[in-house]
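If you want the building blocks of each chain, they are given just below.
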Amino acid sequence: LSATLLPGWQTEGGGQMAALDLVLAPGWKTYWRSPGDAGIPPSFDWSGSQNVRAVKMHWPAPSVFESNGLRTIGYHDRLILPVEIIPVDPLLPVVLSLRMELGVCDEICLPASLDLASNLLRPGAPDSGISAALAQVARSASAAGVGDVSCTVDPIDDGLRLTARLRLPDPGSEEVVAFETADPAVWVAAAATSRQGTDLIAVTELVPPEGAPFALDRSGVTLTILSEDGAIEVRGCPAP
């Protein structure tokens, strides 16, 4: 694993579209923000940066891996992760300092730590690698033609069962749905998916640390649908 920060370019709003460039050894992979059954989610600490008000990740569509009956979601070979930097003062220099914790896996999985720093040169210049990664970011529900999104919630012994139904044209290839909640402490099971015509149905289980039914913030639920057509992101899952 090797990593660099790509400086990118200044955006029209005064921010900077930079990127984290991860190059993995052949056969190794790392994980998406929601890694699936057995992956290690990455974490990012930008607190050592200067003149940085906010950082927004733009995740390219990940791949789905099946191994020993487990499903994980992530990237192999190389990941260019666009990172949009919003400065406190657009007229002052921006210094990035990143401490990243992540998992890398081949036959075994290993935790890894990265320490990266960069003085962003502004206004910077276009970068074809960052642009290509941005083109792979998940489409919004409206852009993908998703309609009639609803979720039913049923209590189970140690949490909740969440069933989502979405009106979405069949891509003609396997669809994997990844659920995320507003609370990262809630464990989310791999979703089972099925089709009823133009309706995609996905079922998962949510288990909080206390191991009991809980009040779900529906507005904080995110569904990402992965297929050969790329990724679609659906935010919020209201009652039917």
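Residues numbered from 1 in each chain as written. Predicted model: local features only at pLDDT ≥ 70, side-chain atom pairs only at ≥ 80, totals over all residues. Heavy atoms only, no water.

## Focus: the side chain of E175
Rules: A helix here means a DSSP run of H or I that spans at least four residues, while a strand means a run of E at least two residues long, and both kinds are numbered starting from the N terminus. Partly exposed residues are those whose accessible area sits between 20% and 50% of the maximum for their type, while under 20% is buried and over 50% is exposed, using a 1.4 Å probe and protein chains only. Contacts are assigned to residue pairs with any non-hydrogen atoms lying within 4.5 Å of each other.
If you trace the backbone, E175 turns up in the loop between β13 (159-167) and β14 (176-180). The buried category is assigned to E175, whose relative accessible area is 9%. In contact with E175, other than residues within four places in its own chain, are L168, D170, T193, R195, L200, I225, L226 and S227.

## Some words on the nonpolar core
The tendency in soluble globular proteins is for nonpolar side chains to be buried side by side. To be explicit about the condition: Grouping buried Ala, Val, Leu, Ile, Met, Phe, Trp, Tyr and Cys residues that are joined through side-chain atoms within 4.5 Å yields what is termed a nonpolar core.
Ranked by internal contacts, the top residues of the largest apolar core, which has 29 residues, are L20, L22, L96, M100 and L102. Those elements that provide at least two residues to this core are β1 (2-10), β2 (16-23), β7 (70-76), β8 (78-86), β9 (94-105), β10 (109-120) and β14. Ranked by the residues each element gives to this core, the list is headed by β9, at six residues. Ignoring sequence-local partners within four residues, the contact set of L96 consists of L5, W46, S49, V52, I85, L116, A117, S118 and L120. By size, the runner-up hydrophobic cluster in this structure holds 24 residues, among which are L166, L168, F179 and I225.

## Brief notes about the state of the cysteines
Quick reminder of the rule: Only a pair of cysteine sulfur atoms within 2.5 Å qualifies as a disulfide here.
Inspection of the entire model under this criterion finds two disulfides. Between C105 and C109 runs a disulfide, and the two sulfur atoms are separated by 1.9 Å. Its S-S torsion of approximately 120° makes the covalent link between C105 and C109 right-handed. Under the relative-accessibility criterion, C109 is labelled partly exposed at 42%. Disulfide pairing places C151 opposite C237 at an S-S distance of 1.7 Å.

## Remarks on the sheet that holds strand β18 (residues 222-227)
As a reminder, the rule being used: At least two DSSP bridges between two strands are needed for those strands to be called paired.
Strand order in the open sheet formed by four strands is β11-β19-β18-β14, and the pairing between neighbours is mixed. Each edge of the open sheet is held by one strand with a lone partner, namely β11 (139-140) and β14. Pairing of β11 with strand β19 (residues 230-235), which is carried by two bridges, proceeds in the parallel orientation. Looking across to β19, one finds that S140 is bridged to E233.

## Some thoughts on unusual backbone geometry
With an omega dihedral of 10°, the bond running from R122 to P123 counts as a cis peptide bond. Looking at where P123 falls in the secondary structure, it is placed in the loop between β10 and α1 (128-135). Within the chain, D77 stands out as a residue other than glycine whose phi angle is a positive 70°. With respect to the element layout, D77 can be found in the loop between β7 and β8. With a relative accessible area of 40%, D77 lands in the partly exposed category. With a phi angle near 50°, D148 is a residue other than glycine that sits in the positive phi range. The topology assignment puts D148 in strand β12 (residues 147-156).

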